[in-house]
Protein chains: 2
Amino acid sequence: MSSTTMPPAATAGDAFAAELRDTLGPGALLHGEAAGPHLVDVLGYTGRAAAVVLPRDTAEVAAVLGAASRHGVRLVPQGNRTGLVGGALPDGSGRQVALSLSRMRRLRELDPLNRSATVEAGMALSELNRAAAAHRLQLPVDLGSDPSIGGLIGANAGGSRLLKYGDTRRNVLGLEVVVPDAHGGPGRVLDLLRPLRKHNAGVDLKQLFIGTGGAFGVITAASVALQRAEQSTDTTFIALPDYAAASRVLDAFEQDFGDLLCAFEVMSSASLEAVTEAFPALRHPLPAPFAQCYALVEVASAMPGLDSLLAERRDALLARLHADGLVLDAAPGHTEAFWRLRDALPEAIARQGAALSFDVSFPRSRLAAFREHVVDWLRRAHPLLRVYDFGHFGDGGCHLVVSIPSAHAAAYGIARTVQLRGALYELAARHDGCFSAEHGVGPLNAAFYRKHVDAAAQTLAAGLQTATDPLAVLGRFRYG
Amino acid sequence: MSSTTMPPAATAGDAFAAELRDTLGPGALLHGEAAGPHLVDVLGYTGRAAAVVLPRDTAEVAAVLGAASRHGVRLVPQGNRTGLVGGALPDGSGRQVALSLSRMRRLRELDPLNRSATVEAGMALSELNRAAAAHRLQLPVDLGSDPSIGGLIGANAGGSRLLKYGDTRRNVLGLEVVVPDAHGGPGRVLDLLRPLRKHNAGVDLKQLFIGTGGAFGVITAASVALQRAEQSTDTTFIALPDYAAASRVLDAFEQDFGDLLCAFEVMSSASLEAVTEAFPALRHPLPAPFAQCYALVEVASAMPGLDSLLAERRDALLARLHADGLVLDAAPGHTEAFWRLRDALPEAIARQGAALSFDVSFPRSRLAAFREHVVDWLRRAHPLLRVYDFGHFGDGGCHLVVSIPSAHAAAYGIARTVQLRGALYELAARHDGCFSAEHGVGPLNAAFYRKHVDAAAQTLAAGLQTATDPLAVLGRFRYG
């Protein structure tokens, strides 16, 4: 399309779009209603955009970065928009451009002997795992959502089996990334894709792009390490007198099962009640009137044929823990039913009222004390509110939801909830916690990054971003 | 000491030393003979220095960086000088200053429930592991040497159990780092120490300092994740017809033992003969006339009481592999004797003649082909030389030593060996390999970094170093 058929280029976004329409062809740009689905995320959070660009390959991504540099347009890379900090959406100005990787979803290579796969950024995690399953392999990041691989890496997602398999970062062997050119030329393609487990040749540049949501470069492809699929599993649901007991039971399971301990999820009894109330089809596996919390414990290995041994050891351990008063009751088996309960928690709790969600993490030794402290404080300072907590106790993670019953919504306007959020993060910091365990940093929690991250670290992060992207072409969140 | 009692400050190094003598006290600086032990490394590689500085705490490190900025002195951080690329030593100019962390070796915290330890950079790995062992914990980086924790992290060491436990990077939870101030003030202390497993709050800055040998900042302390000590182990020594069989046997062990496979080391029969020849006390466990190579396979878990089950499964697997012709013979048990053989390889091979050592890595699926290719090529192009290979086959690592028998030393001058090294790295690159699997980058292999690392990646690495250290205060190796 020549420029004479274009409407007058009123903004940088229009000129940018016109150039890309020529370069990439018309199907690569969406505007207006067609762009809509790209401007809302899983939370219902919305943005506006001058355009949505959908490149088909790495060279096109490089061209998009070049055009953005020349026209002074900010790009916000996005995958499946399943993130929980609003990082995949352009802001409300309508001047930013969403760069969707959704048309780049090829499996470039799957190497069973190397246990690795090289995939384009737009491929969904579930799609990769289907291909891997044919070889009894998996990318073991266990989430409630189905992000694109690029989004998964940009968020450095954690999930429920981090205790055994680590976060996304640990499973990334290589990346292909397009970084902006300092002089407005096409983006430069960094080929850091080789699927090597030992690779120690200077700065590990790929780390810069993991967990930074596209603010340093656009991930176009990734090589990931695959793990053998689990062949032996034992799952138990446990009623616990309190959180201190949860810590001791975690330690005991690690003593007896070592590296086979795969997940140790803890949820408060209030959280579990919210689930059984919201979803009557999900039955409480183990109503225990004196339980303060419950644990879902999974032991697993890719070594086959261990099921009966694991069950035997689990029974012996539970008998000891029960005799010591650390376990009130336990129900083994039923892996899928237990995980359905666990995975229904966020939605069930959301139904209890307006939810203020916190994704915090601690040294495991501090979790119980933090939880007690925060519940006490809320009871005193905010007696009208309810608190629900659940999460990845085994790796120090805690999802905490403060719920405002609709009857009291009027008493909790924006100023008061902002103050409450701030106070709760203060409490977390006093227990050596982090304000973002596994969701990353985006517009929804940027203020807490400014407040809680070491000032010297913020300065360095900003300097690194300026060095990588001096024209500020990239990123919903800027570190400077 | 006032400046009037100093000899005339002939160089920047002298003025720098005078200032630090005032600030840190006289014991913190070594010159001349006293500095000697700090100027030679485990390879016998040597450097010269204007001084060796030995700060006692993080604040003193910050002061040293400030003085270095003001006097234009380059600092080279060093630990136990066990690295294999010369990265811990000042160059030969005599103008650089060695910054030794050897007086900072405190265990700041060991948290058994969190399975973590926070230690100062100068503490030795063995010292940390002794403290951890009291709690049946370990930092599972398994090396032939005993680096300081700072050196371990600066080199991102790999080792023999990477297959199960990952490299050093994977085991680091947090760092305390001093980075240079852009305006010549005291170094800025980055407190990134919190021992969190889930910590996803923007750029993971600590990654910049892992594997970069002090070129971006001085690591003064680290928080590391500890693993449960192994409680069940099964080790087997296996004679293999060839390297293709080694790949298939690796795959079969992973199918049967999954995540319990801990080490899969392969060595050529020539390498093993070199050991039994050099150290007659070390007996060949399994002389097999038709074996091209041998594997040391270790299966292990922190889950106790699995020894007899592992032995049973191993026997069944070996019988199948033997029937398929993939295994010629096997000797189980004798864990310590097997590892003694394995660990004696480097020294035994060094006795065969002048050694050109290569630390290369590949996708596991490419290892056998590379090995065949390189041996063929050497046989044709350099028939007087011998080649020995051994290493971490299970994670794609390969230590390859080209040995020049003393009778032919005259035929291999510097030019020819330089050419040979270059040609061999070319071969590795053609098999998607990396020129530095686990030793890092330093003066001994910097030329290969320049040649084999993606040009756009080198530019970015240099830009990041300039952003972090604009006055070029740090680093034996500069990325620019």
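This structure is a prediction, so every number in the text was calculated from the model and none was measured. Sequence order as written defines residue numbering, which begins from 1 separately in each chain. Key to labels: chains lettered from A, ligands numbered from 1, both in the order written. It should be noted that, the model being predicted, local features are given only for residues of pLDDT at least 70 and side-chain atom pairs only at 80 or more, the latter also being counted only at that level, while totals for whole chains, interfaces and linings use all residues. Side-chain metrics in this entry use all non-hydrogen atoms of the structure; hydrogen atoms and water are not considered.

Undergrad: Help me understand the overall build of chain A in this model?
TA: Strands here mean DSSP runs of E at least two residues long; helices mean DSSP runs of H or I at least four residues long; both are numbered from the N terminus. Within chain A one finds 15 helices and 18 strands. With the radius of gyration taken over C-alpha atoms, the globule rule is written as 2.2 Å times the number of residues to the power 0.38. The C-alpha radius of gyration of chain A comes to 24 Å, within 12% of the 23 Å expected for a compact globule of 480 residues. Principal axes of the C-alpha set define a box for chain A whose edges measure 80 × 60 × 45 Å. Buried, partly exposed and exposed residues are distinguished by accessible area as a fraction of the type maximum, computed with a 1.4 Å probe on protein chains only: under 20%, between the cut-offs, and over 50%, respectively. The buried share of chain A, taken over its 480 residues, is 61%. Put simply, of all contacts in chain A between residues at least 6 apart along the chain, 74% involve residues at least 24 apart. Only heavy atoms enter the contact rule, under which two residues are in contact if any of them lie within 4.5 Å.

Undergrad: How should the pattern of salt bridges be read in this particular structure?
TA: Think of it this way: side chains of opposite charge can pair up when their charged atoms draw near. Each salt bridge in this description consists of a side-chain nitrogen of Lys or Arg and a carboxyl oxygen of Asp or Glu lying within 4 Å of one another. In total, this model carries 56 salt bridges over all chains according to the counting rule given. Where Lys206 of chain B meets Asp204 of chain B, a salt bridge forms, and the shortest distance between an N and an O atom there is 3.0 Å. One salt-bridge network, in which partners are shared between bridges, spans Arg115 and Arg228 of chain A together with Asp251, Glu254 and Arg364 of chain B.

Undergrad: What should I look at first to understand the sheet that holds strand S10 (residues 218–225) of chain B in this one?
TA: Remark on secondary structure: sheet strands pair via backbone hydrogen bonds, oriented parallel or antiparallel. Residues and elements named next belong to chain B. Paired strands are those between which DSSP finds at least two bridges. Spatial ordering of the open sheet is given by S5-S6-S10-S8-S9, a layout of 5 strands whose pairing is antiparallel. Either end of the sheet is taken by a strand with one partner, and the two such strands are strand S5 (107–111) and strand S9 (188–192). The mean angle between the axes of side-by-side strands here comes to 10°, regardless of whether they run parallel or antiparallel. Bridge count for strand S6 (residues 116–120) against S10 is 5 bridges, and the pairing is antiparallel. If you follow Ser116 over to S10, its bridge partner there is Ala225. Here helix H3 (residues 58–71) sits on the sheet and contacts S5, strand S8 (172–179), S9 and S10; the angle it forms with S8, its principal contact strand, is near 45°. Axis lines are fitted through C-alpha atoms, for helices just across the contact stretch, and the angle between N-to-C directions can take any value from 0 to 180 degrees.

Undergrad: Help me understand the packing of aromatic side chains, please; the structure alone is not making it clear to me.
TA: Aromatic ring pairs: the centre-centre distance and the angle between the two ring planes describe each pair. Residue and element names in this part refer to chain A. Here is the rule: rings of Phe, Tyr and Trp (six-membered ring for Trp) pair when centre to centre is within 6.5 Å. Planes less than 30 degrees apart are stacked, more than 60 are edge-to-face, and the remainder are tilted. For the coordinates displayed, the defined rule picks out 26 aromatic pairs over all chains. Each ring, one from Phe237 and one from Phe338, has its centre 5.1 Å from the other, and the planes form 40°; the classification is tilted. One end of the pair, Phe237, is in strand S12 (residues 232–240); the other, Phe338, is in helix H11 (residues 335–350), with 101 residues separating them in the sequence. You'll find Phe237 and Phe338 in the same group, each marked buried. Charge over a ring is defined by NZ of Lys or CZ of Arg lying within 6 Å of the ring centre and within 35 degrees of the ring normal. Taking the ring centre of Tyr412 as reference, the NZ or CZ of Arg416 above it sits at 4.1 Å.

Undergrad: Even after reading the chapter, I still don't get unusual backbone geometry, so can you show me in this structure?
TA: With glycine set apart, most residues show a phi of negative sign, and most peptide bonds adopt trans. One non-glycine residue, Ala472 of chain A, lies in the positive phi region at around 55°. Tracing the backbone through its elements, the reader meets Ala472 of chain A in the segment after helix H15 (455–468).

Undergrad: Explain the packing of helix H8 (residues 243–257) of chain A against helix H10 (residues 307–323) of chain A to me, please; I cannot follow it from the model alone.
TA: What describes two packed helices is the angle between their axes and the distance between those same axes. Residue and element names in this part refer to chain A. Two elements in contact, H8 and H10, have axes whose closest approach is 11 Å; the angle formed by their N-to-C orientations is 145°. Judged by the sense of rotation from one axis to the other, the crossing of H8 with H10 is right-handed. Contact residues: H8 offers Val249, Ala252, Phe253, Asp256 and Phe257, while H10 offers Leu310, Arg313, Arg314, Leu317, Leu318, Arg320 and Leu321. All amino acids are sorted into three groups, where Ala, Val, Leu, Ile, Met, Phe, Trp, Tyr, Cys and Pro are nonpolar, Asp, Glu, Lys and Arg are charged, and the leftover types, Gly among them, are polar. Class assignment of the residues belonging to the contact of H8 with H10 gives a composition of 8 nonpolar, no polar and 4 charged. Each helix crossing is assigned a hand: it is left-handed if the near helix lies turned anticlockwise from the far helix by less than a right angle, otherwise right-handed if that turn is clockwise.

Undergrad: Please clarify how the interface of chain A and chain B should be interpreted in this entry.
TA: For interface size, the figure often reported is the accessible area lost on association. Counting residues at the interface gives 87 residues for chain A and 87 residues for chain B. Across the chain A to chain B interface the summed buried area is about 7100 Å²; carbon plus sulfur atoms make up 57%. Buried area: the sum, over both parts, of the accessible surface (1.4 Å probe) that disappears when the two are put together. Of all residues in chain A, Leu113, Lys198 and Asn200 of chain A give up the largest surface area on contact with chain B, accounting jointly for 13% of the area buried on that side. Counting across the chain A and chain B interface gives 14 salt bridges. As used in this structure description, the phrase polar contact means that two N or O atoms lie within 3.5 Å; if the pair is within protein, one of them must be able to donate a hydrogen and the other to accept it, and residues adjacent in sequence are counted only when both atoms belong to side chains. At the boundary of chain A and chain B, one finds 50 residue pairs in polar contact (both at pLDDT 80 or more). At the level of secondary structure, the elements contributing two or more residues to the side of chain A that touches chain B comprise helix H6 (162–165), helix H7 (168–171), strand S9 (188–192), H8, strand S14 (293–301), H10 and H15 of chain A. Sort the elements by how many residues they give to the side of chain A that touches chain B and H15 of chain A lands first, with 9 residues. Class assignment of the residues belonging to the side of chain A that touches chain B gives a composition of 39 nonpolar, 25 polar and 23 charged.

Undergrad: What's the story with helix H8 (residues 243–257) of chain B in this structure? I'm lost.
TA: Residues and elements named next belong to chain B. Helix span is expected to be 1.5 Å times the residue number reduced by one. The end-to-end C-alpha distance of H8, which contains 15 residues, comes to 21 Å, matching closely the 21 Å that a straight helix rising 1.5 Å per residue would cover. Of all 15 residues that make up H8, 11 are buried, and the element is covered over most of its length. Restricting attention to buried positions, one finds in H8 the residues Tyr243, Ala245, Ala246, Ser247, Val249, Leu250, Ala252, Phe253, Glu254, Asp256 and Phe257. The N-cap of H8, judged by a side-chain oxygen 3.3 Å from the amide nitrogen of Ala244 a few residues on, is Asp242. Looking one or two residues beyond H8, the residue adopting positive phi is Gly258, at roughly 50°.

Undergrad: How should I be thinking about the sheet that holds strand S8 (residues 172–179) of chain A in this particular structure?
TA: Residues and elements named next belong to chain A. The sheet built from 5 strands is open, its strands ordered S5-S6-S10-S8-S9 with antiparallel pairing. At either end of the open sheet lies a strand with only one pairing partner, and these are strand S5 (107–111) and S9. Strand-to-strand twist in this sheet, taken as the mean axis angle between neighbours without regard to direction, amounts to 10°. Here 6 bridges tie S8 to strand S10 (residues 218–225), and the two strands are oriented antiparallel to one another. Bridging from a neighbouring strand, Val177 pairs with Ile219 of S10. Here helix H3 (residues 58–71) sits on the sheet and contacts S5, S8, S9 and S10; the angle it forms with S8, its principal contact strand, is near 45°.

Undergrad: Would you explain a nonpolar patch on the surface in this entry?
TA: Where nonpolar side chains cluster on the molecular surface, the patch consists of Val42, Leu43, Leu84 and Leu444 of chain A and spans about 330 Å² of accessible area. Along the chain, Leu444 of chain A falls in the loop between helix H13 (414–430) and helix H14 (446–452). The residues that make up patches have over 30% relative accessible area and no salt bridge, and they are joined within 9 Å when like-charged or within 5 Å when they are Val, Leu, Ile, Met, Phe, Trp or Tyr. To be clear on the numbers: accessible area is Shrake-Rupley with a 1.4 Å probe, and residue cover counts the displayed protein chains and nothing else.

Undergrad: What is the right way to look at the UniProt feature "domain: FAD-binding PCMH-type" (unreviewed entry) in chain A in this model?
TA: UniProt positions are given in the numbering used here, feature names are shortened, and annotations may be inferred rather than shown by experiment. Sequence positions flagged by UniProt for "domain: FAD-binding PCMH-type" (unreviewed entry) are, in local numbering, residues 45–229 of chain A. For residues 45–229 of chain A, helix accounts for 21% and strand for 25%, while the C-alpha atoms at its two ends are 35 Å apart.

Undergrad: Sorry, what's going on with the relation of the copies chain A and chain B here?
TA: Look at the two chain copies: a rotation about an axis and a shift along it is all it takes to match them. It takes a turn of 180° to lay chain A on chain B, together with a shift of 0.0 Å along the axis; the resulting RMSD is 0.0 Å. The superposition operator between the copies reduces to a two-fold rotation axis. Take the interface residues of chain A: 100% of them recur as interface residues in chain B, which is what a same-surface contact looks like. All copies are superposed by least squares; the fitting set is the C-alpha atoms of residues with a pLDDT of at least 70 in both.

Undergrad: Would you take a moment to explain the pairing of S5 of chain A for this structure?
TA: Walk down a regular strand and you will see the side chains alternate between the two sheet faces. With 4 bridges connecting them, S5 of chain A and strand S6 (residues 116–120) of chain A associate as antiparallel partners. By the bridge assignment, Leu107 of chain A is partnered in S6 of chain A with Val119 of chain A.

Undergrad: It is not clear to me how the environment of Ser69 of chain B should be interpreted in this structure. Could you clarify?
TA: Residue and element names in this part refer to chain B. With respect to the helices and strands, Ser69 occurs in helix H3. We classify Ser69 as buried; its relative accessible area is 12%. Along the sequence, Ser69 and Gly185 sit 116 residues apart, while their C-alpha atoms lie 7.5 Å from each other. Excluding residues that lie within four positions of it along the chain, Ser69 makes contacts with Asp181, Gly184, Gly185, Leu471 and Val473.

Undergrad: Help me understand the confidence of the model for chain A, please; the structure alone is not making it clear to me.
TA: Low pLDDT means the predicted atomic positions in that stretch should not be read closely. All names here are of chain A. Averaged over every residue, the pLDDT of chain A is 93; residues scoring 70 or more account for 98%. Confidence of the predictor at the level of single residues is given by pLDDT, which spans 0 to 100. Within the model, pLDDT remains below 50 along residues 1–9, and this stretch shows 9 contacts once partners closer than five positions in the same chain are excluded. As a predicted assembly, this complex carries a pTM of 0.95 together with an ipTM value of 0.95.

Undergrad: Mind showing me how you'd approach the environment of Val76 of chain B here?
TA: Residue and element names in this part refer to chain B. The topology assignment puts Val76 in strand S3 (residues 75–78). The sequence separation of Val76 and Ala215 amounts to 139 residues, and the corresponding C-alpha distance is 8.1 Å. Beyond its immediate sequence surroundings of up to four residues, Val76 is in contact with Gly87, Ala88, Leu89, Pro90, Gln96, Val97, Ala98, Leu99 and Arg476.

Undergrad: Help me understand helix H12 (residues 367–381) of chain A in this model?
TA: Given 3.6 residues per turn, any residue in an α-helix points the same way as the ones three and four places further on. All names here are of chain A. Counted at 1.5 Å a residue, the expected span for H12 with its 15 residues is 21 Å, and the 21 Å between its end C-alpha atoms agrees. Buried residues of H12: Leu367, Ala368, Phe370, Arg371, Val374, Val375, Trp377 and Leu378, and no others. Elements that come into contact with the buried residues of H12 comprise H8, strand S13 (261–268), strand S16 (354–361), strand S17 (386–391), strand S18 (397–404) and H13.

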